[in-house]
Amino acid sequence: VIKECLDMGVQVGLVVGGGNFWRGAKNSGGAMERTRADHMGMLATVMNCLAVADVCEQKGIPVRVQTAIEMRAVAEPYIRSRAIRHLEKGRVVIFGAGTGNPYFSTDTAAVLRAAEIDADVILLAKNIDGVYSADPKVDPKAVKYDTITYDDVLAQHLQVMDSTATSLSMDNKIPVLALNELVMEQAEKVHAPCIRPARQKTGSTDFGNVMRHVPGTCIRVAFVPEGAAAHSQEYLDAGKTEAAHNA
């Protein structure tokens, strides 16, 4: 699917988590110092980045791995201008090691990189089928949202992303599409819940012409060619409308 996107002219960047290797801060019961636990988590994301890069290369997809913590023997250090240049050359850039700082999640790293490369939209792959008012596995009365604003996500303390990532997305007017990574594998079209800047209340959006499923944690689309997605301009207009309103 990533290769299909590249063939369409879409520039794709990936931010990969490391929870399958390491959840030290959560599972150590507070016994491990938080900064050390987070550093180990960053290394876990790099291992996943290398694995994803290898799969991409096997499928003929040009790819570069960049890490927020320098480890030149295995990957490039993250440099914004170099990352953008790779994207412009049609390469997939996989961003590892989170932000390079403890206490920041890979969700926050994803939004940060999306803002830095001037991404049009963030596709956020989770193990749920949308955004709910509560955990649907715990609360059977949880309400599923088709569209919700960042203000509402923060006010209701919804856990679709951590609050830092949500605030950063809101401040930079970057729309987020929350996708189910399992359901998406079988879906021909995406009707994904959309988190938008405030005052944008329109319904769910068909993004299936661009992406049908999402490997890893999430995908940043840095450029959507005209006609590639029927409603891609809607996301850009949402941010522009909000910016004009606040001007």
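The numbers attached to residues start from 1 for each chain and follow its sequence in the written order. Where totals are concerned, whole chains, interfaces and linings use all residues; where local detail is concerned, this predicted model gives features only for residues with pLDDT of at least 70, and gives and counts side-chain atom pairs only at 80 or more. As a rule here, side-chain values come from all non-hydrogen atoms in the structure, and water together with hydrogens is ignored.

Student: In this structure, what is going on with the pattern of salt bridges? I would like to understand it.
Tutor: Should their charged atoms come close, side chains of opposite charge can pair. Take a side-chain nitrogen of Lys or Arg and a carboxyl oxygen of Asp or Glu: if they are within 4 Å of each other, that pair is a salt bridge. The tally for this structure, following the rule as stated, stands at 4 salt bridges. For the salt bridge of Asp38 with Arg34, the shortest nitrogen-to-oxygen distance reads 2.8 Å. Here the residue Asp38 and the residue Arg34 both occupy positions in helix H3 (residues 34-58), the gap between them amounting to 4 residues, near one helical turn. For Glu116, the salt bridge goes to Arg113, with nearest N and O atoms at 2.7 Å. Here the residue Glu116 and the residue Arg113 both occupy positions in helix H5 (residues 106-116), the gap between them amounting to 3 residues, near one helical turn. Every helix listed is a DSSP run of H or I at least four residues long, and every strand listed is a run of E at least two residues long, numbered separately from the N terminus.

Student: How do you make sense of the environment of Thr149 when you look at a structure like this?
Tutor: Positionally, Thr149 belongs in strand S8 (residues 147-149). The spacing of Thr149 and Met170 is 21 residues in sequence and 8.7 Å in space, taken between C-alpha atoms.

Student: Would you mind going over the environment of Thr106 with me for this structure?
Tutor: Along the chain, the position of Thr106 falls in helix H5. Along the sequence, Thr106 and Gly96 sit 10 residues apart, while their C-alpha atoms lie 8.9 Å from each other. Only heavy atoms matter for contacts: two residues are in contact if any of them lie within 4.5 Å across the pair. Those residues within four positions of Thr106 in sequence are excluded, and the remaining contacts are Val15, Val16, Gly17 and Thr45.

Student: Could you clarify how one ought to interpret the pairing of strand S2 (residues 63-67) in this entry?
Tutor: The side chains of a regular strand alternate between the sheet's two faces. In this scheme, a residue with accessible area under 20% of its type's maximum is buried, one over 50% is exposed, and one in between is partly exposed, where area comes from a 1.4 Å probe on protein chains only. Counting buried positions along S2 gives 4 out of 5 residues, so the element sits mostly inside the fold. Pairing of S2 with strand S4 (residues 92-96), which is carried by 5 bridges, proceeds in the parallel orientation. Bridge assignment links Val63 to a residue of S4, and that residue is Val92. Think of it this way: DSSP has to see at least two bridges between two strands before they count as a pair. The sheet contact formed by S2 and strand S3 (residues 76-77) spans 2 bridges and is parallel. Bridged to Thr67 within S3 is Pro77.

Student: Would you mind showing me how to read the nonpolar core here?
Tutor: In globular proteins that are soluble, nonpolar side chains generally tend to be buried together. Take the buried residues of types Ala, Val, Leu, Ile, Met, Phe, Trp, Tyr and Cys, join any two whose side-chain atoms come within 4.5 Å, and each joined set is a nonpolar core. In terms of nonpolar packing, the biggest core is built from 27 residues, with Phe95 and Val131 touching the most fellow members. Taken together, the elements giving at least two residues each to this core come down to helix H4 (80-88), S4, H5, strand S5 (121-126), helix H6 (150-155) and strand S9 (176-180). Take this core: its biggest share by element is 4 residues, from H5. With residues near it in sequence (within four places) discarded, Phe95 still touches Gly13, Leu14, Val15, Val16, Cys49, Gln66, Tyr78, Ala83, Arg113 and Ile117. If you look at the next biggest cluster of nonpolar residues, it comprises 17 residues, including Val16, Cys49, Cys56 and Val65.

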